[in-house]
Amino acid sequence: MIPELGQGMLLVALGLALWGAGTAAAGAATRRPALVASAQHAALSVFALLTLAFALLTYAFLAFDFSVRYVATNTNLGTPFYYRITGVWGALEGSIILWSWMLGLYTVILLVRQRERARELYPWALAVMLAVLAFFLSVMTIAAPPFARLSPVPVNGRGLNPLLEDTGMITHPIALYLGFTGFTVPFAFAVAALATGRVGDAWLGLTRRWSITAWYFLSLGLLIGGWWSYHVLGWGGYWAWDPVENAAFMPWLTGTAFLHSVMIQERRRMLKLWNVALVILTFSLTLFGTFLTRSGIIASVHAFTQGAVGVFFLTFLALVVLVSLGLLAWRWDALGAQGELDSVVSRESAFLLNNVFLVAAAFTVFFGTVFPLVSEAARGVKVSVGAPFFNQVNVPLFLALVFLMGVGPLIAWRRASRENLRRNFLWPVTVGTVAAAAGWALGIRSALAALALALTTFVAATIALDFTRATRARLRAGERLLPAMGGLLRFHNRRYGGFVVHLGILVIVAGVTGSQAWSVQTEATLQVGETTGLGGYRIRFDGLDSREESNHVRVWGTFTVTGGGSRPTVMQPSKKFYPQETSPIAGVDYRVGLVEDLYLVLGDFTRDGRQATVKVQVNRLVTWIWIGGAVLTLGAALALLPERRRMA
Amino acid sequence: VRRRLRWLIPISAVPVLGLLAYGFRTDPRSIPSPLVGQPAPGFSLPTFTGPPIALEALRGKVVVLNFWASWCHPACYEEAPVLEQGWRAWRERDVVVIGVNIQDTEDKARAFIADFQLTFPNASDASGKVAIDYGLYGVPETFFIDRRGRIGAKHVGAVTAEVFSTQVERLLAEPPPG
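Description of the pairing of strand β7 (residues 151–156) of chain B
Residues and elements named next belong to chain B.
- The buried count for β7 comes to five of six residues, which makes it a mostly enclosed element.
- One ladder, built from five bridges, connects strand β6 (residues 141–145) with β7; its direction is antiparallel. Bridge pairing links phenylalanine 144 to alanine 153 in β7.
- Linkage of β6 to β7, two consecutive antiparallel strands, is achieved through a turn of five residues, within which glycine 149 is found at a positive phi near 90°.

Some points on the confidence of the model for chain B
- Taken over all residues, the pLDDT of chain B has a mean of 86, while the share at 70 or more is 92%.
- Two numbers describe this predicted complex: its pTM, 0.80, and its ipTM, 0.77.

What to know about a nonpolar patch on the surface
- Residues Leu322 and Trp330 of chain A together with Leu5, Trp7, Leu8, Ile11 and Val14 of chain B make up a contiguous nonpolar surface patch of about 670 Å² in total accessible area.
- If you list the elements that add at least two residues to the nonpolar patch, you get α12 (308–330) of chain A together with α2 (8–22) of chain B.
- Considering every element that reaches the nonpolar patch, the biggest residue donor is α2 of chain B, with three residues.
- Take leucine 5 of chain B: it is sitting in helix α1 (residues 2–5).

Brief notes about unusual backbone geometry
- At leucine 621 of chain A, a position not held by glycine, the phi torsion is positive, near 65°.
- You can see leucine 621 of chain A is positioned in the loop between β10 (611–620) and α19 (623–640).
- Relative accessible area serves as the criterion here: at 23%, leucine 621 of chain A is assigned to the partly exposed category.
- Notably, glutamine 103 of chain B is not glycine yet its phi reads approximately 45°, a positive angle.
- The residue glutamine 103 of chain B is located in the loop between β4 (95–101) and α4 (106–115) in this model.
- The exposure class of glutamine 103 of chain B is exposed, given its relative accessible area of 58%.

Section: the packing of aromatic side chains
- Scanning all chains against the criterion turns up 51 aromatic pairs over all chains.
- Ring geometry for tryptophan 68 of chain B and phenylalanine 112 of chain B: centres 4.4 Å apart, planes at 20°, overall stacked. One end of the pair, tryptophan 68 of chain B, is in strand β3 (residues 62–68); the other, phenylalanine 112 of chain B, is in helix α4, and 44 residues separate them in sequence.
- The exposure class of tryptophan 68 of chain B is buried, given its relative accessible area of 2%.
- Through successive ring pairs, a cluster of aromatic residues spans Trp215, Trp239, Trp241, Phe249, Trp252, Phe389, Phe390 and Phe398 of chain A.
- In this arrangement the basic side chain of arginine 331 of chain A is found over the ring face of tryptophan 330 of chain A, its NZ or CZ atom lying 4.1 Å from the centre.
- Cation over ring: arginine 445 of chain A sits above tryptophan 440 of chain A, and NZ or CZ is 4.7 Å from the ring centre.

Rules behind the numbers
- Residues numbered from 1 in each chain as written.
- Chains lettered and ligands numbered in written order.
- Predicted model: local features only at pLDDT ≥ 70, side-chain atom pairs only at ≥ 80, totals over all residues.
- Heavy atoms only, no water.
- Buried < 20%, exposed > 50% of the residue type's maximum accessible area, 1.4 Å probe, protein only.
- Helix = DSSP H or I, 4+ residues; strand = E, 2+ residues; numbered from the N terminus.
- Pairing = 2+ DSSP bridges.
- pLDDT = per-residue confidence, 0-100.
- Patch = residues over 30% accessible without salt bridge, like charges linked within 9 Å, V, L, I, M, F, W, Y side chains within 5 Å.
- Areas by Shrake-Rupley, 256 points an atom, 1.4 Å probe, with all protein chains shown as cover.
- Salt bridge = Lys/Arg side-chain N within 4 Å of Asp/Glu carboxyl O.
- Phe/Tyr/Trp six-rings, centres within 6.5 Å; stacked < 30°, edge-to-face > 60°.
- Lys NZ or Arg CZ within 6 Å of the ring centre and 35° of its normal.

The following block contains the structure:
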């Protein structure tokens, strides 16, 4: 019963989405509000149907309805309650239903918030949203139906991929997909701007907070993905330049470029064409990311599956790219710049450079990701591109971007005078240089780490300088200290929200640098009672135990850890043996600290439990990456607050 | 002229899309090698533990030539114990395992060898010449060389115990040279 009901709902939703997209576009073109109203009803119904279908699939998971193929392949009777819910989006079909549901949600929010405010652009934007929804619904009805029936009905299911049995699996996909789908809204408005020819600032103003929201969720998704990789995969890292990580990173890079280039258009009427192109690029890259994960054309640890879905996604990607770039070419004349670049030493050029570097980084990541295909197509040989390529190319770009992060917000518009430069940068440059020198004196011998230290302190100093100066100005106007600072944050929330996000990025940069430069690891095979040491820790192997859990057998080693400036603790890294998997899954045990994490992974062991191999890592400063994420969250929230101007 | 040129923007996306479409025709995990059946390119390389090792000196033995790097995670980490076990199990039967470390730093390579307690000879191809001679695409890749010095098989990705024993036994079953 459930399969037919669910599939029926999705089919009706597809019909409605197509109808809505058509009527919204027709209503926009002929200026007939009745048509747009019909499209709105369709949009609301699509969202309602998607919600019901999603609830139905969740119910099928909770009720172990193995007559649904998707339920049978991604759960079994032993799957705990919590993971039966997250299992809903643990594989291809469910991830697309979650994706569509979010898109539907965004469409409804757009409808509620912008129906009245943007009469010209709104109907077109609604049409684009519904067209994208129709695409995802067509994937769900034809290529990857979540409600496909399984017959005969098995008594038990196969079970969820054990790596996905983790709390990160509720937050990571949700944040990532909110980011991915969120960029559909700016894209929809960009297309609306091109369709109507109103390519001025209106669409930018309407989408500013949408872009920040999407960007924020994408950042959060990437960070949670790193956290998941760090504490679940058991190799002690958080980023591997895997094609699928790259797929999520590329729209982040172009999206970041967009958030910055928008300010140039607002202020100087430049870069209209560029902004539209960046939004098209960002949205296309989110589609490219889904395509890459779901087409099986590139080998990756994340690869979902292959089959007809890939062809669907590629066709849609081609349609999106060709139509939107075609519109762009059609409106070419209207997109010309009104302002001009006055000087190389100016805020405009700092932002422009920021854009060039971000897009260059996105391009190199794209190139590295698809290079295996290029090489095979051109020369008939296969290659794989490893982390060294991405690091070598991107680290200099990222360091340059950090530098610009300090320059951009403070340097003068149009043309910076010598006095302006001295006033804004003399102190920060001094502080950065002193920090690097101090670091050198304290024993930092990695040139890259010293440079990163210099740059991050430089940028932090520019932010501190700006904030102190602005606070002082308010104090002189007779305000008290705390209200003055609070007022700054509240009344200039865009600027200071941006600064707080920058601080978050700086903290992340510090964490990444530290973990790359100073982490150490070793591996040792120990008899019971034997000890190994690393980085001031002594780790004693006390024995092995095992226990049968609801859906797997867990073997864990007990290790007593001393040293590292704290009381002895017991750590228990484990291995989990799932019947449906050919190799065991690592259960990492880690002790998190501000300065360093102690990270144990259980390797091979003898059957009698007398001997085990353990991998020990001391990962330094990794925690700051997650702290940086929290700071970034605060900054994004601040930037998203409704703008408020003080009454005169 | 400018008005026409702008249509190059959408057109420029076509090759990229074509490339992605081409991706459907390929299997990212299967890699053919024109070297199979050809004589294995000779080399002489310094090892991490002492004397240099030369392929020519091993004629008459089955050679398992494995290219690896310490950053190659997880495949190289999965296969290192397999190679070590294979080396221990087959060395009595004239089978030699040689590791060739590429694109790596010396201390990380040494740490890798120590971590996995590798006892078979590991050489460093610092200039990358040997990797180029063998047409390497990435790591790990493993070449199984027969007793006449010809490449009998190539394996891409982590070597499993099964692949190791199948290939080595197949080459051992061939008649010895001369």
